[in-house]
Amino acid sequence: MTALPVPEHPILACIAEVGAALDRAVDAQAVYLSTEEKAQALQGFAALEARVTAMRLQVMAAAGDLAAASGSRDVAAWWSHHTRTDPDRARADERLASSLDERRSLLAAALAAGRCSVAQARVIEQALDELPDRVGHEVLVAAEAALVEDAEHHRPSELCRLGRRILEVVAPEIADEEEARRLADEERHAREKTRLRLRSLGDGTTRISGRLPQAAASRLRTYLEAFSSPRHAPGTTAAPQDRLPYPRRLGMAFCALLEHLDPDTLPDHGGDATTVMVTLSLDQLKAELAAADLLDGAALTAGEVRRLACTAHLVPAVLGADSEILDLGRARRLFSPAQRRALRLRDRRCRADDCTIPATWTEAHHLAAWHDNGPTDIDNGILLCAHHHQRAHDPRYVTDRLSNGDVRFTRRR
């Protein structure tokens, strides 16, 4: 008796046929395709990729016995090991495979037919997963159907936004209530996850990392972009600092934001207004290259102390030879609000040569240094942007006053 051949499983036959077709086309030159054929090929490959992935996910959903037989922790671990796939991506694939197999039949059918991409499927699955069970099975099915239909016309990023508002389409009668609950949950989650860490790196910088609520982060970004990219007068050219890399400009803007905070609006700390105090000797204050100490143990150059003394709420405690306090700030160190308004009316912009930063985003600088008894009055004041204010107190630069009242900075030789 002759044994009949065991029929090959259709999935394995498909793999063999697709592989053979690829072998036949591997040497074909895409450059000879017409423009229309290239468009057809790219769209066809996108649909094929989705369909092949859908079939792979279907196999993954049924491959629990493979993980058990191989001693792997789960299918994702087996897949990651044998295909050199990133473990996080493998686990994400396993979760999507399980969801498509158990709950998302409409989405699974769309992916298998090539009517949505894997990226779109992930977004739709996440949007559906975020809907609470209390909305009911019928609403969930309607939401799935609507998002699958939207996938034919929208990118994943657009689908994400549509997914967050899908109840307004399929169940408008409960959309407002559920949106309020979702926002309340997000805000509570954001408060629980809010963190901020500051770690001194020992090289004069501190690394700041953390997580903020979205509303606070949006406000911070708005403030920083206002400081880093102020509006210029029509017809003027960009300032040199506008050409710096965006992350560096944001970092400089963050420093400027801290220096412009009004200390009178800050809460009391330890029984006194929040004030930065720095200790240095009289010789250090006058020297170009010298160091000063903050009360928290950090150090600043005397030049930076002199710059901060123009605008920041920083009190220099000048010490004598026996550490007695010779001076603890002066009452008229900072320019008053009225004086700053007068300077803005007079100067209109940063008075550094060729700088176009408007007066709104500048700092008041003492022409005759405050630590050399320079008065805090309009005649001794000039507006400089944060970039040029740094240079005014940088001993590597010489400051020259031009005939029109502007200042020019020249690097020392």
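Every value quoted in this text rests on a predicted model; they were computed, and no experiment measured them. Residue numbering note: each chain is counted from 1, following its sequence as written. Predicted model: local features are reported for residues with pLDDT of at least 70 only, side-chain atom pairs are reported and counted for 80 or more only, and whole-chain, interface and lining totals are derived from all residues. Side-chain figures throughout are based on the complete set of non-hydrogen atoms in the structure, without hydrogens or water.

The next point concerns the overall build of the protein. When you go through the protein residue by residue, the secondary structure sums to 17 helices and 11 strands. Only heavy atoms enter the contact rule, under which two residues are in contact if any of them lie within 4.5 Å. For the protein, restricting intrachain contacts to residue pairs at least 6 apart in sequence, the fraction spanning at least 24 positions comes to 51%. Shrake-Rupley sampling with a 1.4 Å probe provides the accessible areas, and residues are treated as covered by the protein chains on show and by no other component. Total accessible area on the protein is roughly 26,700 Å²; 54% of this is exposed by carbon and sulfur atoms. Where helices and strands are cited, they refer to DSSP runs of H or I of at least four residues and of E of at least two residues respectively, numbered from the N terminus.

Excluding glycine, a negative phi dihedral is what most residues carry, and trans is how most peptide bonds are arranged. Within the chain, R84 stands out as a residue other than glycine whose phi angle is a positive 60°. Not every positive phi belongs to a glycine, and R348 is a case in point at roughly 70°. Along the chain, R348 falls in the loop between α16 (337-347) and β8 (363-366).

On to a positive patch on the surface, then. Patches in this entry comprise residues that are over 30% relatively accessible and not in a salt bridge; like charges within 9 Å are linked, as are nonpolar side chains (Val, Leu, Ile, Met, Phe, Trp, Tyr) within 5 Å. Any carboxyl oxygen of Asp or Glu within 4 Å of a side-chain nitrogen of Lys or Arg constitutes a salt bridge here. When charges are tallied, Lys and Arg are placed among the positive residues and Asp and Glu among the negative ones, while His and the ends of the chain are skipped. In plain terms, the charge of a residue is placed at NZ if it is Lys, CZ if Arg, CG if Asp and CD if Glu. A cluster of like positive charges, contributed by K193, R195, R197 and R211, occupies part of the molecular surface. Within the secondary structure, R211 is located in strand β2 (residues 206-211).

It is worth spelling out the nonpolar core at this point. By nonpolar core is meant a set of buried Ala, Val, Leu, Ile, Met, Phe, Trp, Tyr and Cys residues that side-chain atoms within 4.5 Å join together. Whether a residue is buried, partly exposed or exposed follows from its accessible area with a 1.4 Å probe, protein chains only, as a fraction of its type maximum: under 20%, in between, or over 50%, in that order. Within the largest apolar cluster, 34 residues are counted, with the highest numbers of intra-cluster contacts made by L57, L107, L111, C116, I124, L131 and L167. Listing elements by their share of this core, those giving two or more residues are α2 (35-61), α5 (87-102), α6 (105-112), α7 (118-130), α8 (137-150) and α10 (166-170). Not counting residues within four places of it along the chain, the set of residues in contact with L111 comprises A50, R51, A54, L57, L100, C116, S117, V118 and A121.

Attention shifts here to the packing of helix α4 (residues 75-83) against α5. In this analysis, axes come from line fits to C-alpha atoms, helices being fitted only over the stretch in contact, and the angle between any two N-to-C directions falls in the range 0 to 180 degrees. Where α4 meets α5, the axes come as close as 8 Å, and the angle between the chain directions of the two elements is 135°. One finds that α4 runs oblique with respect to α5. Like other packed secondary-structure pairs, α4 and α5 cross with a definite hand, here right-handed. On α5, the residues touching V75, A76, W79 and S80 of α4 are P87, A90, R91, D93 and E94. When the residues that make up the contact of α4 with α5 are grouped by side-chain class, the tally is five nonpolar, one polar and three charged. By definition in this entry, angles of less than 35 degrees are roughly parallel, angles greater than 145 are roughly antiparallel, angles of 65 to 115 are roughly perpendicular, and the rest are oblique. Note on convention: the crossing is left-handed when the near helix lies turned anticlockwise from the far helix by less than a right angle, right-handed when the turn is clockwise. Residues are grouped as follows: Ala, Val, Leu, Ile, Met, Phe, Trp, Tyr, Cys and Pro are nonpolar; Asp, Glu, Lys and Arg are charged; all remaining types, including Gly, are polar.

What follows is about α4. Inspection of α4 places V75, A76 and S80 among the buried residues, and these make up the whole buried set. The buried residues of α4 occupy an angular sector of 130° when projected down its axis, which confines them to one face. Here the buried face of α4 lies against α2, α3 (64-70) and α5. In this structure D74 caps α4, since a side-chain oxygen of it lies 3.3 Å from the backbone nitrogen of A76. One or two residues past the end of α4 sits R84, with phi positive at roughly 60°. It is the directions from the helix axis to the C-beta atoms that the arc portrays. Polar contact is defined as a pair of N or O atoms within 3.5 Å, subject to the rule that within protein one atom must be able to donate a hydrogen and the other to accept it, and that residues adjacent in sequence are counted only when both atoms are side-chain atoms.

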